[in-house]
Amino acid sequence: MIDFLLRFSIARRWIVMFLVLAVAGFGIWNYQRLPIDAVPDITNVQVQINTSAPGYSPLEVEQRITYLVETAIAGLPNLEYTRSLSRYGLSQVTAVFDEGTDIFHARNLVNERLQQAKSQLPGGLEPTMGPIATGLGEIFQYTVQADETARQPDGQPYDATALRTLQDWVIRPQLRQVRGVTEVNTIGGYEKQFHVMPDPARLLAFGLTFEDVVEALQKNNANVGAGYIEKNGEQWLIRSPGQVADIPGLENVIVAHRDGVPITVRDVADVGLGKQLRTGAATRDGEETVLGTAVMLIGENSRTVSSAVSAKLAEINKTLPQGITADPVYDRTVLVDKTIATVQKNLLEGAILVVAVLLLMLGNVRAALLTAMVIPLSMLMLMTSMVQTRVSANLMSLGALDFGLIVDGAVIIVENCLLRLANRQHHLGRLLTLEERLHTVFAAAREVFTPSLVSVLVVVLVNLPLLALAGVEGKMFRPMALAVIMALLAALALSLTFVPAALALIMTGRIEEKDSFVVRQAKRA
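Residues numbered from 1 in each chain as written. Predicted model: local features only at pLDDT ≥ 70, side-chain atom pairs only at ≥ 80, totals over all residues. Heavy atoms only, no water.

**Describing the packing of aromatic side chains**
Working step 1: The final tally for this structure, using the stated rule, is 2 aromatic pairs.
Working step 2: Residues F26 and W29 carry aromatic rings whose centres are separated by 5.7 Å and whose planes lie at 25 degrees to one another, so their mutual orientation is stacked. Pair noted here: F26 and W29 are both in helix α2 (residues 13-31), with a separation of 3 residues, about one helical turn.
Working step 3: Taking the relative accessible area as the measure of exposure, F26 reaches 39% and is therefore partly exposed. (Phe/Tyr/Trp six-rings, centres within 6.5 Å; stacked < 30°, edge-to-face > 60°. Helix = DSSP H or I, 4+ residues; strand = E, 2+ residues; numbered from the N terminus. Buried < 20%, exposed > 50% of the residue type's maximum accessible area, 1.4 Å probe, protein only.)

**Points about the pattern of salt bridges**
Working step 1: Throughout the structure, instances matching the rule amount to 13 salt bridges.
Working step 2: R172 serves as the salt-bridge partner of E183, at 2.8 Å between the closest nitrogen and oxygen. Residue E183 is found in strand β6 (residues 181-187), and its partner R172 is found in helix α5 (residues 160-175); the two are separated by 11 residues along the sequence.
Working step 3: A relative accessible area of 17% places E183 in the buried class.
Working step 4: What makes R172 partly exposed here is its relative accessible area of 25%. (Salt bridge = Lys/Arg side-chain N within 4 Å of Asp/Glu carboxyl O.)

**Digging into the layout of surface pockets**
Working step 1: Roughly 1,800 Å³ of volume is contained in the largest pocket.
Working step 2: Lining the largest pocket are 47 residues, and of these S52, L90, R164, T186 and T279 lie nearest its centre.
Working step 3: Contributions of two or more residues to the lining of the largest pocket are made by β1 (45-52), α4 (103-117), β4 (128-129), β5 (138-146), α5, β6 and β14 (287-296).
Working step 4: Considering only residue class, the lining of the largest pocket consists of 16 nonpolar, 21 polar and 10 charged.
Working step 5: Taken as a whole, the second largest pocket encloses approximately 1,400 Å³ of empty space. (1 Å grid on protein atoms, 1.4 Å probe; cavity = no way out; pocket = protein on both sides within 12 Å on 5 of 7 lines; lining within 4 Å. Points joined across faces, edges and corners; volume = space filled by probe spheres on them. Nonpolar A, V, L, I, M, F, W, Y, C, P; charged D, E, K, R; others polar.)

**Considerations on helix α7 (residues 210-219)**
Every α-helix winds through 3.6 residues per turn, so residues three or four apart in the chain are directed the same way.
Working step 1: Among the residues making up α7, those that are buried are V213, A216 and L217. For α7, the angular spread of the buried residues around the axis is 95 degrees, confining them to a single face. In α7, the exposed positions that point more than 90 degrees away from the buried face belong to E211, Q218 and K219.
Working step 2: Those residues of α7 that are buried lie in contact with β7 (192-198), α6 (200-206), α8 (247-251), β10 (254-258) and α9 (265-268). (Arc of directions from axis to C-beta. Contact = heavy atoms within 4.5 Å.)

**Regarding the nonpolar core**
Working step 1: Core analysis: the biggest nonpolar cluster contains 67 residues, and L382, M386 and L503 have the highest contact counts within it.
Working step 2: Element by element, the count of residues in this core is highest for helix α12 (residues 365-388), at 12 residues.
Working step 3: L503 has contacts with L370, I413, V414, C417 and V441, leaving out every residue within four places of it along the chain.
Working step 4: Core analysis: the second largest hydrophobic core is formed by 24 residues, A150, Y158, L175 and L313 among them. (Core = buried A, V, L, I, M, F, W, Y, C linked by side-chain atoms within 4.5 Å.)

**Some thoughts on the pairing of β1**
Working step 1: Relative to strand β3 (residues 90-97), β1 runs antiparallel, the two sharing 8 bridges. Paired with I49 across the strands is V93, a residue of β3.
Working step 2: Bridge count between β1 and β4: 2 bridges; the pairing is antiparallel. Along β4, the bridge assignment pairs I49 with M129. (Pairing = 2+ DSSP bridges.)

**Some remarks on a nonpolar patch on the surface**
Working step 1: A cluster of nonpolar side chains, M1, F4, F8, I15, F18 and L19, forms an exposed patch at the surface whose accessible area comes to about 690 Å².
Working step 2: Elements represented by at least two residues in the nonpolar patch include exactly α1 (2-11) and α2.
Working step 3: Per-element accounting of the nonpolar patch gives the leading share, 3 residues, to α2.
Working step 4: Within the secondary structure layout, M1 lies in the segment before α1. (Patch = residues over 30% accessible without salt bridge, like charges linked within 9 Å, V, L, I, M, F, W, Y side chains within 5 Å. Areas by Shrake-Rupley, 256 points an atom, 1.4 Å probe, with all protein chains shown as cover.)

**Brief notes about the confidence of the model for the chain**
Working step 1: Scored by pLDDT, the chain comes out at a mean of 85, with 96% of its residues at no less than 70.
Working step 2: Within the chain, the lowest mean pLDDT, 64, falls on helix α19 (residues 517-524), and the highest, 94, falls on β3. (pLDDT = per-residue confidence, 0-100.)

**Quick look at empty space enclosed by the protein**
Working step 1: Summed over the entire model, instances satisfying the criterion amount to 1 cavity of 30 Å³ or more.
Working step 2: Here the largest cavity is characterised by a volume of approximately 50 Å³.
Working step 3: Of all the elements in the fold, those that place two or more residues in the lining of the largest cavity are α14 (403-406), α15 (408-428), α16 (434-463) and α17 (471-496).
Working step 4: Take the lining of the largest cavity: its biggest share by element is 4 residues, from α17.
Working step 5: Class assignment of the residues belonging to the lining of the largest cavity gives a composition of 7 nonpolar, 3 polar and no charged.

**Here we look at the side chain of K475**
Working step 1: Along the chain, K475 falls in helix α17.
Working step 2: Among the residues examined, K475 registers a relative accessible area of 18% and is labelled buried.
Working step 3: Looking at K475, its side chain comes within polar contact range of the side chain of E99, at 3.2 Å.
Working step 4: Among all residues touching K475, those that are not within four sequence positions of it are P40, D41, I42, T43, N44 and E99. (Polar contact = N/O pair within 3.5 Å; in protein donor to acceptor, adjacent residues only side chain to side chain.)

**As for the packing of α2 against helix α18 (residues 498-506)**
Working step 1: Running from N to C, α2 and α18 cross one another at 125 degrees; their axes reach a closest spacing of 9 Å. Relative to α18, α2 is oriented oblique. The two elements α2 and α18 cross, and the hand of that crossing is left-handed. Only F498, A501, A502, A504 and L505 of α18 make contact with α2, whose side of the interface consists of R13, W14, V16, M17 and V20.
Working step 2: Looking at the contact of α2 with α18 residue by residue, the classes come out as 9 nonpolar, no polar and 1 charged. (Axes fitted to C-alpha atoms, helices over the stretch in contact; angles between N-to-C directions. Parallel < 35°, antiparallel > 145°, perpendicular 65-115°, else oblique. Left-handed = near helix turned anticlockwise from the far one by under 90°.)

Here it is, written out as structure tokens:
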């Protein structure tokens, strides 16, 4: 097999060069699709189930919600374990599945069990699954702030409630439309509410109860359609708009009738604007603010998504009221760019050092440049392999690459080919014919390819145990091992095909194999 590939690469050298060029172009295209992040994502396959239970104490949440949800999802296929958190007004259950489980399949299984468990939960409570994201999904954060000159339409300055309203109804819906964003969370401010506060004394005077007020509000806060009528060949839609839009609308809702006189909400309760109870807040520079967090969909490119969110936020800022701004406070793109710059700097310095050593030691510029070409070609092939295997480019996966190991096989083959070509010319006392040159390149490459193959396989075998790691360790070090193995195999394939073909093409004319100046000085010393 090795002899066949070597003979084919040398005999069909132009075809090989074209294929290498095509593979390089494919690698450049895949580089644009390569997921890029700062560090590997070590989050396991998990589904979060959140249940909001206003007014429930932690003990009630645990007994009436968390326990029932955990029991409902017990026994699911590939379920590894569950953990839960019961706090005031909130139940959170996390179901962790075995590695390799498809996250969407796991969510479907959980959703089926939740549908069965709803009948056992207290009325009005709806368990929902968390966003399809990982622990590194929070890629962008921003704050909504108002300067001193900003005023609401009624002339009042913007407070925490008004800023929260802008976030919930203007900014958040637009950011949700960005491709790759699965959720936008909000912390801080107050959620605006209409508060109806019944007066027990007035209710008692009219013979009404709290349930009567609640029922009246529910029945009188909806739009109703009644079909249409035809007139002059046209359809006139009939509808009854009854949805409450302001405080007077709430006050005029009829609760009951007494002696033909309607009793409205205004007669039995006080109506006003209020705030939802909250359990957290956000501050910036010592001032309370509204904080928004964009969460990335699992499997997306964090650098691309965070850049898109930043661009979208800049567009949204142009539509906000005067004096209101949404300022980024954390952008994953900055972290990723700095990480990429660090990796690029290290790889570039390593490549330059390897090329410099090759030029100094080989003593032949053509041979040194040919050997150095293996580095970018191997990296482009590595990009393609990483995209196909879904390995992200990060500090761990790319930081472990050693260009000395990558060009090791090519250096051996090039050096031996130079030696054999020079000796053959010296023995014949003339330049080699094309057939003689091709045969010499084949013989020289075949002579040292087996030792080169063994050296690469040794390094590959050293990294194989890392692929057996599981859990957090596996997620951290498996991408590194895969990147090193794929880069070495790419370099080995190039040493078997590209290097002999290129040698057969460029090593023409008189060839001398002699020690370089650096080597001669080292021998004298």
